[in-house]
Amino acid sequence: MAGGSPKHHQLENQRKRITWILGVSGLCIVFYVLGAWQGSTAPTKPSEVYNRIGCQPGLSTNEDQSSSSSSSSSSLPVELDFESHHRVEINRTSEAQKFPPCDIQYSEYTPCQDPIRGRKFDRNMLKYRERHCPKKEELLLCLIPAPPKYKTPFKWPQSRDYAWYDNIPHKELSIEKAVQNWIQVASWGAYLLKRNIVAMSFAPRDTHEAQVQFALERGVPAMIGIMASQRIPYPARAFDMAHCSRCLIPWHKYEGMYLIEVDRVLRPGGYWILSGPPIRWKKYWRGWERTQEDLKEEQDAIENVAKSLCWKKLIEKDDLSIWQKPINHIQCIKSRKVYKTPHICKSDNPDAAWYRDMETCITPLPEVSSEEEVAGGSVEKWPERAFAVPPRISSGSIPGITDEKFQEDNQVWKERVSHYKRIISPLTQGRYRNVMDMNAHLGGFAATLTKYPVWVMNVVPAKSEKDTLGIIYERGFIGTYQDWCEAFSTYPRTYDLIHAGNVFSIYQDRCDITYILLEMDRILRPEGTVVFRDTVEILVKIKSITDGMRWKSQIMDHESGPFNPEKILVAVKTYWTAQPQKSQEQQ
């Protein structure tokens, strides 16, 4: 029989129609993916990233000097255009804004530790040297200039022993101290790095000797700070060891408050080392320009405070003493019958340290079941410690962060750093030394970078929903709390690479992100790199501002591909310096 039933013909037509629809849809998807790949593929060659983001290896351009500007223009690529790929309605006035260089007097400007502003505050307990940030109307809308002859610092480990005089603002100091080993500032921390021990140098903003700046110039971790009336910006049980050499802190005064603060940030079983006056005053007092009676009284008072904290003195040799904090508070609680003060704090968040006054009570340690148990849990030895599950996670003390999430985070960062190595070739070539993670979370970025000669300042935004800085320290890394609506406690030009993952999603409704970006420019070295991770809308807004800050940048796809809504913006701060000041004779 020829043909078929009407029902059969109807089914056959439906099949053809469905086949045609699927075929057209498949072709659309293929061409869409092909177009996205061609328009957004990340660079894979080491030299390609410089061409894409507008920076040549070893390039030095000074946009303030016409001769340098003309020579650099031929080296930079054609102006990049992202409009066809990422079009968002943005403020055109903000996009067109060009930020001028600040006056050269601001070359070493530290906004929240400015000595001029500090003079307005109480000198009692050195409060005038604490953080005092400028008001909104005092904020600068200009770019902090580098000194006229600024040079890229030496690579590590050569930088440990050498620094360029032209990068040091205090000429009188570098000349006057040239034969006095001023470069040895923070050398204790520098040489501990040879033993895979990361130390944090912490010193006040000094109008006469920029110790923190020298440390950072040499590639040694450091930040501006002081023990005055407020807690130092670290969580409880953070440091394995604390060291103070001739730091002139009155440890025995104010009911032992400063030693109590050291006790708060020391891990159970941690060590405190004090060198210099008044240790072993009987032998060294003649060179200290103080009376024997004064020195004896101070050392006796320090010894008494240490005993009241239940610390055990281990050694006193030369002008150095070492004490050890107990691993738990079982015996210490019993000894309160002997030492009535300081008492154990009753209700307190021991990790709260952002603009929080110091206290004269002992920070309690987590409870234990025996005298041999380490309060809060023991940590693994290095390097296993970096990837072992931290005690704060395994104990469940931070809600929502489990062992599984910790392992997932490590895997995420392994993939991210692998991607960064392709798009930012200097990451593995020793060009970067000082790295900052502005939103560090669990410290996964720092952990993944341990195989490279870099150190990471892990920043946990103050008032975060989850305070994870204690986890980062348990992994063996360093970090600090910070509110990014304020300036960071460091000198200009102290970081080579800054990672900003979802920072602007957090702060876009808290403060003007323009000032956060200007602060990033202040602390970033010339030719330093920033990696932003955020939504396209936020990244386009960021780029519209950084284009006026002499940065060269490009928006790229997420490492997982073009369909991920999170994108990456890689930016490089171009090299430029302040104009040399004319002498009176030239004028």
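Residues numbered from 1 in each chain as written. Predicted model: local features only at pLDDT ≥ 70, side-chain atom pairs only at ≥ 80, totals over all residues. Heavy atoms only, no water.

Describing the packing of helix H18 (residues 513–523) against helix H19 (residues 536–546)
Then, in step 1: Relative orientation of the contacting elements H18 and H19 amounts to 60°, with a least axis distance of 10 Å. The orientation of H18 with respect to H19, classified from their angle, is oblique. For the element pair H18 and H19, the recorded crossing hand is right-handed. In this structure, H18 uses Ile-513, Thr-514 and Leu-517 to contact H19, whose residues at the interface are Lys-541, Ile-542, Ile-545 and Thr-546.
Then, in step 2: Across the contact of H18 with H19, the residue classes tally to four nonpolar, two polar and one charged. (Axes fitted to C-alpha atoms, helices over the stretch in contact; angles between N-to-C directions. Helix = DSSP H or I, 4+ residues; strand = E, 2+ residues; numbered from the N terminus. Parallel < 35°, antiparallel > 145°, perpendicular 65-115°, else oblique. Left-handed = near helix turned anticlockwise from the far one by under 90°. Contact = heavy atoms within 4.5 Å. Nonpolar A, V, L, I, M, F, W, Y, C, P; charged D, E, K, R; others polar.)

Focus: the packing of aromatic side chains
Then, in step 1: Enumeration over the complete set of coordinates arrives at 21 aromatic pairs.
Then, in step 2: When the ring of Tyr-106 is compared with that of Tyr-109, the centres are 5.4 Å apart and the planes differ by 80°; the resulting orientation is edge-to-face.
Then, in step 3: Here the aromatic cluster, defined as three or more aromatic residues joined through ring pairs, consists of Phe-202, Tyr-234, Phe-239 and Tyr-473.
Then, in step 4: The side chain of Arg-416 reaches across the aromatic face of Trp-413, ending 4.7 Å from its centre. (Phe/Tyr/Trp six-rings, centres within 6.5 Å; stacked < 30°, edge-to-face > 60°. Lys NZ or Arg CZ within 6 Å of the ring centre and 35° of its normal.)

Examining the pairing of strand E6 (residues 320–324)
Then, in step 1: With five bridges joining them, strand E4 (residues 266–275) and E6 adopt antiparallel strand pairing. Of the residues in E6, the one forming a bridge with Tyr-271 is Gln-324.
Then, in step 2: Bridge analysis of strand E5 (residues 312–317) against E6 gives five bridges, and the strand direction is antiparallel. Opposite Lys-312, over in E6, you have Gln-324 as the bridge partner.
Then, in step 3: A loop of two residues connects E5 with E6, the two strands running antiparallel in sequence, and Asp-318 in this loop sits at a positive phi of about 55°. (Pairing = 2+ DSSP bridges.)

Here's the deal with the state of the cysteines
Then, in step 1: Across all of its chains, the model carries six disulfides by this definition.
Then, in step 2: Here Cys-345 is linked by a disulfide to Cys-361, with a sulfur-sulfur distance of 2.0 Å. Where Cys-345 bonds to Cys-361 through sulfur, the torsion about that S-S bond is close to 95°, and the disulfide is right-handed. One end of the pair, Cys-345, is in the loop between helix H12 (330–335) and helix H13 (391–394); the other, Cys-361, is in the loop between H12 and H13, with 16 residues separating them in the sequence. When sorted by exposure, Cys-345 lands in the same class as Cys-361, which is buried.
Then, in step 3: The residue that forms a disulfide with Cys-485 is Cys-511, at a sulfur-sulfur distance of 2.2 Å. Its torsion about the S-S bond being -90°, the disulfide of Cys-485 and Cys-511 is classed as left-handed. Highlighted residues: Cys-485 in the loop between strand E9 (478–482) and strand E10 (495–501) and Cys-511 in the loop between helix H17 (503–507) and H18, separated in sequence by 26 residues.
Then, in step 4: For the protein chain, the disulfide bridges join cysteines in the arrangement 1-4, 2-3, 5-6, 7-8, 9-10, 11-12, where the cysteines are counted in sequence order. (Disulfide = S-S within 2.5 Å. Buried < 20%, exposed > 50% of the residue type's maximum accessible area, 1.4 Å probe, protein only.)

Looking at the sheet that holds strand E12 (residues 551–556)
To summarise the sheet geometry, strands pair through backbone hydrogen bonds and adopt either a parallel or an antiparallel arrangement.
Then, in step 1: In spatial order, the strands read E9-E8-E7-E10-E11-E13-E12; together these seven strands make up an open sheet with mixed pairing. Of all the strands in the sheet, the pair left with one neighbour each is E9 and E12. When the angles between neighbouring strand axes are averaged without regard to direction, this sheet yields 20°.
Then, in step 2: Summarising the sheet, E10 and strand E11 (residues 524–535) pair through six bridges and their orientation is parallel. Among the inter-strand pairings, Gly-501 is bridged to a residue of E11, identified as Arg-533.

Some thoughts on the pairing of E11
Then, in step 1: Counting buried positions along E11 gives 11 out of 12 residues, so the element sits mostly inside the fold.
Then, in step 2: Of the strand pairs in this sheet, E11 and strand E13 (residues 566–573) are connected by seven bridges, and their pairing is antiparallel. Bridging across to E13, Phe-532 finds its partner in Leu-569.

Some points on the sheet that holds E5
Then, in step 1: Read from one edge to the other, the open sheet built from four strands follows the order E3-E4-E6-E5, with strand pairing classed as mixed. Whereas interior strands pair on both sides, the edge strands pair on one side only; in this sheet they are strand E3 (239–245) and E5. In this sheet, neighbouring strand axes are inclined to one another by 15° on average, regardless of whether the strands run parallel or antiparallel.
Then, in step 2: Taken strand by strand, helix H9 (residues 257–265) contacts E3 and E4, and its axis lies near 135° from that of E4.
Then, in step 3: Where helix H11 (residues 292–308) meets the sheet, it contacts E4, E5 and E6, and its direction lies at approximately 150° from that of E5.

Observations regarding the confidence of the model for the protein chain
Then, in step 1: For the protein chain, per-residue confidence averages 83 on the pLDDT scale, and 79% of positions sit at 70 or higher.
Then, in step 2: Across residues 30–95, where pLDDT falls below 50, the model places 93 contacts with residues more than four positions away in sequence or in other chains.
Then, in step 3: Note on residues 176–183: pLDDT is under 50 here. Beyond four places in sequence and across chains, it has 12 contacts. (pLDDT = per-residue confidence, 0-100.)

Things to note about the environment of Leu-126
Then, in step 1: Secondary-structure assignment places Leu-126 in the loop between helix H5 (115–118) and helix H6 (171–176).
Then, in step 2: When the C-alpha atoms of Leu-126 and Ser-229 are compared, they prove to be 7.6 Å apart, with 103 residues separating the residues in sequence.

Some thoughts on the nonpolar core
Then, in step 1: Judged by nonpolar contacts, the single largest core of 110 residues is most densely connected at Trp-251, Trp-272, Met-436, Phe-504, Met-520 and Phe-532.
Then, in step 2: Here this core spans two domains, since at least three of its residues come from each of domain 1 (104–378) and domain 2 (391–573).
Then, in step 3: Excluding its chain neighbours within four sequence positions, the residues that come into contact with Phe-504 are Ile-513, Ile-516, Leu-517, Met-520, Phe-532, Asp-534, Ile-538 and Ile-542. (Core = buried A, V, L, I, M, F, W, Y, C linked by side-chain atoms within 4.5 Å. Domains from an automatic or database assignment.)

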